[in-house]
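The residues making up each chain are set out below.
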Amino acid sequence: MADTLNNETFYGLILALSAFFLATFLTPVYTFFAYKYKFWKKQKKTTLTGEELPVMTKLHAKKFQRHFPTMAGIIGVITVLLVTVICNLNREQTWLPLIGFVGGSIVGLIDDLINVFGSGKGAAGLRAPVKFAMITALGLGLGWWFAVKLGWTTIEIPFIGAMEVGVVGMIAIFAFAVVSTSNAVNISDGLDGLAGGLALLAYGAYGVIALFQGQWMLTAFCLTVVGWLLSYIWFNVPPARFMMGDTGSFAIGAGLGVVAMMTNAFFLLPIIGILFVVEAGSSLIQMFWKKVFHKKLLISAPIHHHLEAQGWGEAKIVMRFWVIAGVFAILGVFLAVQGGVVRLPVSSLNSSALTDALLIRRTLSTTHSVAPVALNSPKAEHGITNGNTAHSVTLASSNEPQDNLGFLKSKHADVALNSSKAEYGMMIDEVKIVDREVDYSDAFVSLNELQRIFEGTGSEGNLGIFREMVVKDA
C-alpha cells in the first residue's frame, strides 16, 4: 500500500505542479487582454432584494477607485481542463468533477460578461433566479449521470453507515451539493485571497480522502485545482492584481460539490468547508432577520463584511479564516477515517509476494462498503492486477467479462475491487492459496492472520467488512 500511495501521490503532485506553472504562465496572457479590453469589475450597488449597500460601498470605496479586472477564473478553467484532459481523464473518476468545474464556470462567465460589459446598475450581473436555475440544471444533470450511469444510489453517513436513497434521492442530493456549494463559494469571494485559500484547503482535504479510498485520479484532479489556486493566490494577495469573478467561484463551488459526492463524503462538506457554510449562512440569516424583524442582525453581510465594519483589516480576516479552514479540513479528514467514509486496511494483503499467491474463485457484489484498497499490491497499481501482472490473479468463475465487477474489461480485472455498483469494492466468497512456495516474510499480514481474517474470527477491520471467508491449502 505504501508504495502504491507513494506512486499515485507523486503523480498527483506532478499534476499540481504542472497546473501551478501553467496557470502562472497563462496569467500574463490573461492580464494583457484583461487590461486591454477593460475587464473592470463593477461594484454591486444593491442587494438581491433591491436595497442599497451603503456599508459595503463605503468599505470598498478605496479599492474600486482603481481599475482591476475580473474573470481571472478563466485561467483556472483552462488550466484544469488542459491538465485533466491530457493527463488525467477517466470516465469513473474525473469526467463528473471536470464537467461540474467547467459547467459552473460557464454560468459564472455569463454573469461576469454582463457585469463587465453591462450597465453596472443594481446587481451588475445575471438576475439571481436565472443564475439559480442554471446552476440547478447543471446539478441535476450531473446527479443523473452519477445515479443512473455510475450506479450510485447509496450515501455514506459518518459513524452510521450507508443509506439507500434511490435514484431520485441521489439526484436531488447531488443537485443540492452543487447548488449550495457553488453559491457558498461565490458569496465568500469578497476579499482578496479569501475564497481561493478556503477552496485550496477544502480541495486538499478531499484529495486526501480520495487518496485513501483508492480514487487516485480523483485525488489528482483535486491536486490539479490546488495547483491552480496556489498560482491564483500568488497574484491575488492584497492588493489583488485581479479577481477570479463568478467564472472562478462557480467553477470551484460546482467542482467541490461533485468531489464531495464522488468521495461519498457529502455530510463532511459542512465541516471541511465550514467557512463557506458560515459565509452563506450569515447572508441567509441577515435576509431572514430583515424580513421578519425589519432590522439588520449584522452590520453588513456576509460575515467578512461585518468584521470589516467592526474594524478588522482585510488581511487579518483572510488569514484567520484560512487558519480556521485548515483546522476544520484536518478535522474533516479525521472524521472521514473514524466515521467509516474511508476504511484504512491495516493489513490488507498489500504485498508484492502475495500478488502471485491469490486466486479469486468466485466474486459476489456486496451492498456494503468494502475496503477500497483491499488486496492492492505495489505491483497491482489500482487493483489486484494490471497489464504487467495480469496473469497473477484470475477469475475462475468465468472467462467472460462480468458486469457486476464495474471496471472489469476482460477476465483479468484492471481495477478488480473497485466497482461503482458495489460502492468501493467486491466481496470475495472464497480465496485459495495456490502457491505454497511464496515467501510471506515481507507481507503486511502473516499467513496465520490471513486465516483469522477470512474465517471471520478476528481482524475483520483489516479488510473492511469482508464476512465469513475461508482460506484453504492448495
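Residues numbered from 1 in each chain as written. Predicted model: local features only at pLDDT ≥ 70, side-chain atom pairs only at ≥ 80, totals over all residues. Heavy atoms only, no water.

1. Overview of the overall build of the protein
Logical step 1: The number of helices and strands found in the protein is 15 helices and 5 strands.
Logical step 2: By residue count, 56% of the 474 residues in the protein fall in the buried class.
Logical step 3: Within the protein, counting contacts between residues at least 6 apart in sequence, those at least 24 apart form 75% of the total.
Logical step 4: Of the roughly 20,400 Å² of accessible surface on the protein, a fraction of 65% belongs to carbon and sulfur atoms. (Helix = DSSP H or I, 4+ residues; strand = E, 2+ residues; numbered from the N terminus. Buried < 20%, exposed > 50% of the residue type's maximum accessible area, 1.4 Å probe, protein only. Contact = heavy atoms within 4.5 Å. Areas by Shrake-Rupley, 256 points an atom, 1.4 Å probe, with all protein chains shown as cover.)

2. Observations regarding the packing of helix H8 (residues 216–236) against helix H9 (residues 245–262)
For any two helices packed against each other, the geometry is given by the interaxial angle and the distance between the axes.
Logical step 1: The geometry of H8 relative to H9 is characterised by a closest axis approach of 11 Å and an angle of 155 degrees between their N-to-C directions. Overall, the two elements H8 and H9 adopt an arrangement that is roughly antiparallel. You can see that H8 and H9 cross each other, and the crossing is left-handed. Where H8 abuts H9, its residues Leu218, Phe221, Cys222, Trp228 and Leu229 lie against Ile252, Val259 and Met262. (Axes fitted to C-alpha atoms, helices over the stretch in contact; angles between N-to-C directions. Parallel < 35°, antiparallel > 145°, perpendicular 65-115°, else oblique. Left-handed = near helix turned anticlockwise from the far one by under 90°.)

3. Some points on helix H13 (residues 314–338)
Logical step 1: Taking 1.5 Å of rise per residue, 25 residues should cover 36 Å, and H13 covers 36 Å from first to last C-alpha, within 8% of that figure.
Logical step 2: Taken as a whole, H13 has its buried residues at Glu314, Ile317, Val318, Phe321, Ala325, Gly326, Ala329, Gly332, Val333, Leu335 and Ala336.
Logical step 3: On the buried face of H13, the contacting elements are helix H7 (194–212), helix H10 (269–272), helix H11 (274–293) and helix H12 (303–309). (Expected span 1.5 Å × (residues − 1).)

4. Let's talk about unusual backbone geometry
Logical step 1: Geometrically, the link from Ala301 to Pro302 is a cis peptide bond, its omega value of 0 degrees lying close to zero.
Logical step 2: For Pro302, the position within the fold is in the loop between H11 and H12.
Logical step 3: A positive phi is found at Lys38, a non-glycine position, where the angle reads about 55 degrees.
Logical step 4: Relative to the assigned elements, Lys38 resides in the loop between helix H1 (2–36) and helix H2 (54–59).
Logical step 5: In this structure, Met71 takes a positive phi of about 70 degrees despite not being glycine.

5. Looking at the pairing of strand S2 (residues 161–164)
Logical step 1: Taken together, the 4 bridges between strand S1 (residues 154–157) and S2 define a ladder with antiparallel strand orientation. For Glu156, the partnering residue across the bridge sits in S2 and is Ala162. (Pairing = 2+ DSSP bridges.)

6. Focus on the packing of aromatic side chains
Logical step 1: Within the structure shown, the criterion is met by 18 aromatic pairs.
Logical step 2: Both rings, one in Phe101 and one in Trp228, keep their centres 6.2 Å apart while their planes meet at 90 degrees; by these two values the pair is edge-to-face. Residue Phe101 is located in helix H4 (residues 95–117), and its partner Trp228 is located in helix H8; the two are separated by 127 residues in the primary sequence. Note on accessibility: Phe101 and Trp228 belong to one class, buried.
Logical step 3: The interplanar angle of 40 degrees and the centroid separation of 4.6 Å between the aromatic rings of Trp289 and Phe293 together place this pair among those described as tilted. Of this pair, Trp289 and Phe293 both sit in helix H11, separated by 4 residues, roughly a single helical turn.
Logical step 4: A relative accessible area of 25% means that Trp289 is categorised as partly exposed.
Logical step 5: Relative accessible area serves as the criterion here: at 44%, Phe293 is assigned to the partly exposed category.
Logical step 6: Through pairs of rings, three or more aromatic residues link up here, namely Tyr30, Phe101, Phe221, Trp228, Tyr232, Phe235 and Phe242.
Logical step 7: Its end group placed over the ring of Trp312, Lys316 keeps NZ or CZ at 4.8 Å from the ring centre.
Logical step 8: If you follow Arg320 out to its NZ or CZ, it ends over the ring of Trp312, 5.4 Å from the centre. (Phe/Tyr/Trp six-rings, centres within 6.5 Å; stacked < 30°, edge-to-face > 60°. Lys NZ or Arg CZ within 6 Å of the ring centre and 35° of its normal.)

7. Looking at the packing of helix H3 (residues 73–87) against H9
Logical step 1: Contact geometry for H3 and H9: axes closest at 6 Å, N-to-C directions at 45 degrees. Viewed along their axes, H3 and H9 adopt a mutual orientation that is oblique. Note on element contacts: H9 touches H3 through Thr247, Gly248 and Ala251, opposite Gly73, Ile74 and Val77.
Logical step 2: Residues of the contact of H3 with H9, tallied by class, amount to 3 nonpolar, 3 polar and no charged. (Nonpolar A, V, L, I, M, F, W, Y, C, P; charged D, E, K, R; others polar.)

8. Quick look at the nonpolar core
Logical step 1: Grouped together as the largest cluster of nonpolar side chains are 85 residues, with contacts concentrated most on Phe101, Phe146, Tyr203, Tyr206, Trp228 and Met261.
Logical step 2: If we skip the residues at most four places from it in the chain, Phe146 touches Leu96, Gly151, Trp152, Met170, Phe174, Met261 and Met262. (Core = buried A, V, L, I, M, F, W, Y, C linked by side-chain atoms within 4.5 Å.)

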